[in-house]
Each structure stands twice: as C-alpha cells, then as structure tokens.
Amino acid sequence: MAVKGSCDLSFAAQTVEAWSRQFDVWSRVCEVVGREQKVASGKLLEQIAQVPVVRSRSTTTLGCYVSRSGTPCCIRLQFDQEPELLVQTLLHEIAHLIDHLVSFPGRSYRGAHRSGWTFWAIALGISPCRTGNSESLAQQHQQRKKLVAVCSGCGELFYRVRRLNRNRTYIHKQCGSPLKPV
Ligand SMILES: [Zn+2]
Ligand SMILES: [Zn+2]
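What counts and what doesn't
Residues numbered from 1 in each chain as written. Chains lettered and ligands numbered in written order. Predicted model: local features only at pLDDT ≥ 70, side-chain atom pairs only at ≥ 80, totals over all residues. Heavy atoms only, no water. Donors = N, O, S within 2.8 Å, 3.2 Å for Na, K, Ca; no water. Tetrahedral: all angles 85-135°; square planar, octahedral: opposite > 155°, others 65-115°. Buried < 20%, exposed > 50% of the residue type's maximum accessible area, 1.4 Å probe, protein only. Helix = DSSP H or I, 4+ residues; strand = E, 2+ residues; numbered from the N terminus. Pairing = 2+ DSSP bridges.

Some thoughts on the coordination of the zinc ion (ligand 2)
In step 1: At this site the zinc ion (ligand 2) is bound by Cys151 (SG), Cys154 (SG), His172 (ND1) and Cys175 (SG), with donor distances of 2.1 to 2.4 Å.
In step 2: Considering all four donor atoms around the zinc ion (ligand 2), the spread of angles at the metal, 100 to 126°, places the coordination shape in the tetrahedral class.
In step 3: When the donor residues of the zinc ion (ligand 2) are listed from N- to C-terminus, their spacing reads C-x2-C-x17-H-x2-C.
In step 4: Residue classification places cysteine 151 among the buried positions, given a relative accessible area of 3%.

So, in structure tokens, the structure goes:
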C-alpha cells in the first residue's frame, strides 16, 4: 500500500505479486509465508502482493526496499541485471518487505540485513548476503561515466557518472591543486 504522494511511481509500476508470478516464485512466497507465519498469513500475503515494483535506472544498486512512516512504499528494481540475479534481487527485497511487516508492524523499518531479514532470505531460498554483483550493470556504469573535471595542477582527467557540484571546490589529493570542472 503506497502512501499518497510519498514516492515516485512515474514509471509503469507493477506489483510484487505480478513480478513474482512472472519469475515463477510467487508460489514459493505463498508457501514460505503460509508455513512460517501461522497467524493471519492470508492478510500478510495480501499486503505483500500489492506493493508496487518500480523500475530503477541505478547502475550501482540492484534493488532496494522503500518504506515511509511505517508503511511499505515500493520495491525498486534494476531490470538490466542478469536474469538469474534479477530473481535473487527481487526475493532479497521481498525478504525486507516481509521482515518489515512481521517484525515492525506499523513502525519504521530498522531490520535491514539483521536476523529477521536473514531468516526470511533463507526461507525464500536465497543466500543471505547484503549485495550481489552484476557484470552487465558494472559495464553500464562504466559507459555512463563522462569527463567531469581536469586538475589545474597536474592535468589529470576525472570521469564520473554525475557532474561535480559547482558550488564546491574539489582538491586533487595527489597534487593539492584545485580541480577545474568541465
Ligand atoms: Zn538488502
Ligand atoms: Zn593534480
């Protein structure tokens, strides 16, 4: 359930249920929740099902779970990662969503990657590690980098995805001279 105006759903949003069905893991989510959550598992599943999945363009984050004032807001998912990894990432974020709803009902989520999340990650059949690695995203990140500055002292070139903040002065650590934004 998204709180009105609380997050950006300008990309075509689908739900956790829709994408889990797409990747053939919705029955796994239902089975795990039914088995591990004896009380009100039906209501819990309904809540999980309708959380929007939003397309992310980040080349550094595979996915993330977003909540606002104690309520699930959405799962952001970068769809350009390798297909097997994409399913793992979706389940990783679903584990955060379930952990939030079960361990911190109505309160803000503080459980990232602690025992509650680890429990649901293992139950969902994924390895409980914080991060995944996507070769294709790393490549995309590399390709998006542009020349952003030149060192005014030694002439070294600096490449980044984002431009430098024009209101700040950046110093080249190696030679101590200020960088000139391009
Ligand atoms: Zn995580
Ligand atoms: Zn320099």
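Read on for the rest.
Overview of the coordination of the zinc ion (ligand 1)
In step 1: Here the zinc ion (ligand 1) is held by His92 (NE2), His96 (NE2) and His113 (NE2), and the distances to it run 2.1 Å.
In step 2: Look at where the donors of the zinc ion (ligand 1) fall in the sequence and you get H-x3-H-x16-H. In this pair, histidine 92 and histidine 96 are both assigned in helix 4 (residues 83-103), four residues apart and thus about one turn of the helix distant. When sorted by exposure, histidine 92 lands in the same class as histidine 96, which is buried.

Observations regarding the pairing of strand 4 (residues 71-77)
In step 1: The element strand 4 is largely enclosed, with a buried count of five among its seven residues.
In step 2: In this sheet, strand 4 lies alongside strand 2 (residues 52-55) in parallel orientation, the contact comprising three bridges. Paired with valine 54 across the bridge in strand 4 is arginine 76.
In step 3: Summarising the sheet, strand 3 (residues 63-68) and strand 4 pair through six bridges and their orientation is antiparallel. Its bridge partner being in strand 4, tyrosine 65 is matched across the sheet by isoleucine 75.
In step 4: In this antiparallel pair of consecutive strands, strand 3 and strand 4, the connection spans two residues, and serine 69 shows a positive phi of 40°.

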